[in-house]
Amino acid sequence: MNRRNFITAASVAGAGLVIGVPTVACSSGGQLAKPAILGGTKAFTGTWPGWPVIDQVDETELVNVLKSKSWCRLGGKTATRFEEEFKKLTGATNALGVSSGTSALYTMLGAVGTGPGDEVIIPPYTFVATYNVVVLNYALPIFVDSDIETFQMDANKIEAAITGQTKVIMPVHIGGSPFDIDKVLEVAGKHKIPVLEDACQAHLAEWKGKMVGNWGLAGGFSFQASKNLNSGEGGVILTNDEQFAKNCYIFHNQGQGGKATSFSTGFGTRGTNMRITEFQAGVLLAQMTRVVEQTKRRTENANYLTKLLNDIPGIMPAKLYKGVTRSAYHLYMFRYDKTKFAGLDLSKFLEAMHAEGIPCSLGYGKMNKDAYVTDLAKNPHYLKIYGEKTMKEWLERNQCPENDKLVDQAVWMYQTMLLGSKTDMEQIAEAIRKIQKNATAISKA
Ligand SMILES: Cc1ncc(COP(=O)(O)O)c(C=O)c1O
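Residues numbered from 1 in each chain as written. Predicted model: local features only at pLDDT ≥ 70, side-chain atom pairs only at ≥ 80, totals over all residues.

Asks: Quick question: what am I supposed to make of the overall build of the protein here?
Replies: Along the backbone of the protein there are 16 helices and 13 strands. Relative to its length of 445 residues, the protein is compact, with a C-alpha radius of gyration of 23 Å against a globular reference of 22 Å. Taken along its principal axes, the extent of the C-alpha atoms in the protein is 70 × 60 × 40 Å. The buried share among the 445 residues of the protein stands at 49%. Considering only residue pairs separated by 6 or more positions, the protein has 72% of its internal contacts joining residues 24 or more positions apart. (Helix = DSSP H or I, 4+ residues; strand = E, 2+ residues; numbered from the N terminus. Rg over C-alpha atoms; globule rule 2.2 N^0.38 Å. Buried ≥ 20, exposed ≤ 12 C-beta atoms within 10 Å, placed from the backbone. Contact = placed C-beta atoms within 7 Å.)

Structure, rendered in structure tokens:
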């Protein structure tokens with residue numbers, strides 16, 4: 001089950017719209033009990049929280065937009081209200097609501113003037129949107145290998161990937177945990193290359209007490225349905241650079257400046273429509289009344305789960321860099337070492353976890369090796385712009401051996417699960433211990 005399918009399934013299964021906190025005690029009889037996949041009792045006895053959470057506030061905000069009959073931000077007031085609140089929440093001096101996380105990244109790259117002949121540094125361990133926005137600009141995506149311990153782009157490998165063509169470094173705060181911001185900014189500063197943060201999964205995450213999206217030239221966030229802050233689709237750009245904020249506004253508004261419809265053009269020679277709607281902004285204003293509390297709960301549960309899982313040989317929760325003062329925990333990610341589970345294959349481990357009532361999945365694939373990406377070397381436009389030799393060399397450059405190892409071991413759990421109770425976390429750990437004790441029997445089944 002991929003991430004989006006899971007969220008849908010969880011929402012349906014969650015039934016109630018307000019998060020439930022199951023407090024039922026363990027019923028599987030301890031870690032030596034028979035695993036559910038072999039006919040035993042499930043380790044998980046509760047109900048996972050549903051997503052999204054809504055109440056009267058959401059209804060009021062939506063109906064207000066509906067009745068205002070101003071549904072477009074040009075003329076409406078709700079998008080501006082949302083941007084003001086998001087600035088207060090994150091400490092940034094500029095926030096621009098956009099139609100999606102992809103739109104946020106595309107707008108930032110557009111406002112920086114990315115185009116054919118440019119290279120953009122990205123990680124391979126990310127959602128494909130990070131890659132797509134580069135290719136939509138006919139720029140070359142350059143993959144920098146992962147740090148297997150943290151699942152983030154390995155900032156120590158960025159410098160070797162920089163060339164005279166590098167236009168932007170766009171690392172991702174994957175899983176909602178900050179990448180090594182100090183190291184990335186140091187390398188970028190040395191080479192005078194702007195950093196655009198893909199913060200699509202990292203709402204309210206902090207590095208040294210300051211929220212992500214505030215560190216590079218700008219940061220882009222997603223409000224797609226699975227995200228920790230959700231309006232179905234939606235996004236926002238944060239920046240503390242006034243001119244860049246204006247350039248983003250103009251790019252996302254068909255090349256036109258100003259807060260109203262205008263026929264005068266502004267910055268650059270390209271633009272599009274990436275505007276947020278008043279409805280999205282209304283939902284976000286309501287959702288934001290809960291986001292701080294939800295983030296706090298995820299962090300507490302994730303920290304507790306990490307403490308429990310660190311005691312299980314062969315389970316390696318993604319580590320956080322020293323500068324991280326808060327992870328958003330959009331995903332709870334860990335590595336699975338099958339040699340500590342009597343050789344039990346990862347796919348069988350996941351099956352056993354599902355049987356225990358614990359949803360989890362494999363996560364991302366090896367994006368740099370996927371045909372969707374490697375076929376770029378055959379794309380007629382790319383061949384016209386870069387030539388056959390450069391595209392062949394590009395394929396050779398995009399090797400990420402550490403990421404290959406990471407993908408073979410990675411397991412994800414989801415932000416909604418971290419909204420559960422302490423008991424839920426204990427039952428996750430109990431399920432894993434049970435599977436480990438019975439790994440040989442499960443392998444044979
Ligand atoms: C890392 C990352 N970048 C970009 C995006 C794109 O955001 P959206 O789906 O809102 O377009 C996502 C969303 O899943 C993401 O996880």
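Read on, since the account is not over.
Asks: Mind showing me how you'd approach the environment of Ala281 here?
Replies: By the secondary structure assignment, Ala281 is in helix H9 (residues 278-287). When the C-alpha positions of Ala281 and Ala79 are compared, they lie 5.0 Å apart, and in sequence the two are 202 residues distant. Setting aside chain neighbours within four positions, we find Ala281 in contact with Thr78, Ala79, Arg81, Phe82, Gly97 and Ile276.

Asks: Whenever I open this one, the site of the ligand confuses me. Can you help?
Replies: In the vicinity of the ligand there are 14 residues, among which Ser100, Gly101, Thr102, Cys200 and Ser222 approach most closely. In terms of residue class, the shell around the ligand is made up of four nonpolar, nine polar and one charged. (Near = placed C-beta within 6 Å. Nonpolar A, V, L, I, M, F, W, Y, C, P; charged D, E, K, R; others polar.)

Asks: I tried to follow the confidence of the model for the protein on my own but got confused; where do I start?
Replies: The predicted coordinates ought not to be read in detail in places where the model reports low pLDDT. Across the protein, pLDDT averages 92, with 91% of residues at or above 70. The secondary structure element of the protein with the lowest average pLDDT is helix H1 (residues 3-14), at 36, and the one with the highest is strand S5 (residues 196-198), at 99. Note that pLDDT drops below 50 for residues 1-31; the model gives that stretch 69 contacts with residues more than four away or on any other chain. (pLDDT = per-residue confidence, 0-100.)

Asks: What is the right way to read helix H3 (residues 78-90) from this model?
Replies: Side chains that are three or four residues apart share a direction in an α-helix, a result of its 3.6 residues per turn. The first and last C-alpha atoms of H3 sit 18 Å apart over 13 residues, in line with the 18 Å expected at 1.5 Å per residue. Residues Thr78, Ala79, Phe82, Glu83, Phe86 and Thr90 constitute the buried set of H3. The buried side chains of H3 occupy one side of the element, clustering within an arc of 135° when seen end-on. In H3, the exposed positions angled more than 90 degrees off the buried face are occupied by Glu84 and Lys88. Those residues of H3 that are buried are in contact with helix H2 (56-68), strand S1 (94-98), strand S7 (210-211), strand S9 (235-239) and H9. Directly after H3, the chain includes Gly91, whose backbone phi takes a positive value near 85°. (Expected span 1.5 Å × (residues − 1). Arc of directions from axis to C-beta.)

Asks: Where do I start with the domain arrangement of the protein in this structure?
Replies: Interface extent is often summarised as the accessible area lost during association of the parts. Each domain of the protein was delimited in the assignment, giving domain 1 (25-46 + 293-363 + 405-444) and domain 2 (56-289 + 365-401). Put simply, the middle of domain 1 and the middle of domain 2, counted by C-alpha atoms, are 31 Å apart. Each side of the interface is counted separately: domain 1 has 20 residues, and domain 2 has 27 residues. Mapped by element, the contributors of at least two residues to the side of domain 1 that touches domain 2 are helix H10 (291-309), strand S11 (324-326), strand S12 (331-336) and helix H14 (401-409). (Domains from an automatic or database assignment.)

Asks: Got a minute to help me understand the nonpolar core in this structure?
Replies: Soluble globular proteins: nonpolar side chains tend toward being buried together. Ranked by size, the top nonpolar core spans 122 residues in total, and within it Met108, Val184, Val236, Ile237, Cys248, Tyr332 and Trp412 carry the most contacts. It is helix H4 (residues 101-112) that contributes the most residues to this core, seven residues altogether. (Core = buried A, V, L, I, M, F, W, Y, C linked by C-beta atoms within 7 Å.)

Asks: Any chance you could explain the sheet that holds S7 here in plain terms?
Replies: Paired through backbone hydrogen bonds, the strands of a sheet run either parallel or antiparallel to each other. A sheet is described by the order of its strands in space; here three strands give the open sequence S7-S6-S11, paired in antiparallel fashion. Of all the strands in the sheet, the pair left with one neighbour each is S7 and S11. In this sheet, S7 lies alongside strand S6 (residues 206-207) in antiparallel orientation, the contact comprising two bridges. Within S7, the residue paired with Trp207 across the bridge is Lys210. (Pairing = 2+ DSSP bridges.)

Asks: Where do I start with the pairing of S12 in this structure?
Replies: Walk down a regular strand and you will see the side chains alternate between the two sheet faces. Taking burial as the measure, the six residues of S12 include five buried ones, the bulk of the element. Strand direction decides the pairing type here: strand S10 (residues 315-317) and S12, joined by three bridges, are antiparallel. When the bridges of S12 are listed, Met316 appears paired with Arg335. Bridge analysis of S12 against strand S13 (residues 410-414) gives five bridges, and the strand direction is antiparallel. Residue Arg335 lies in a different strand from S13, and its bridge partner there is Ala410.

Asks: Could you clarify how one ought to interpret unusual backbone geometry in this entry?
Replies: Generally, phi is negative for residues other than glycine and the peptide bonds are trans, each holding for most cases. That bond from Trp51 to Pro52 is cis: its omega, 0°, falls within 30 degrees of zero. Summarising the element assignment, Pro52 is placed in the loop between H1 and H2. A positive phi angle, near 55°, is found at Tyr138, a position not held by glycine. Tracing the backbone shows Tyr138 in the loop between helix H5 (129-136) and strand S3 (140-143). When the 17 C-beta atoms within 10 Å are taken as the criterion, Tyr138 is described as partly exposed.

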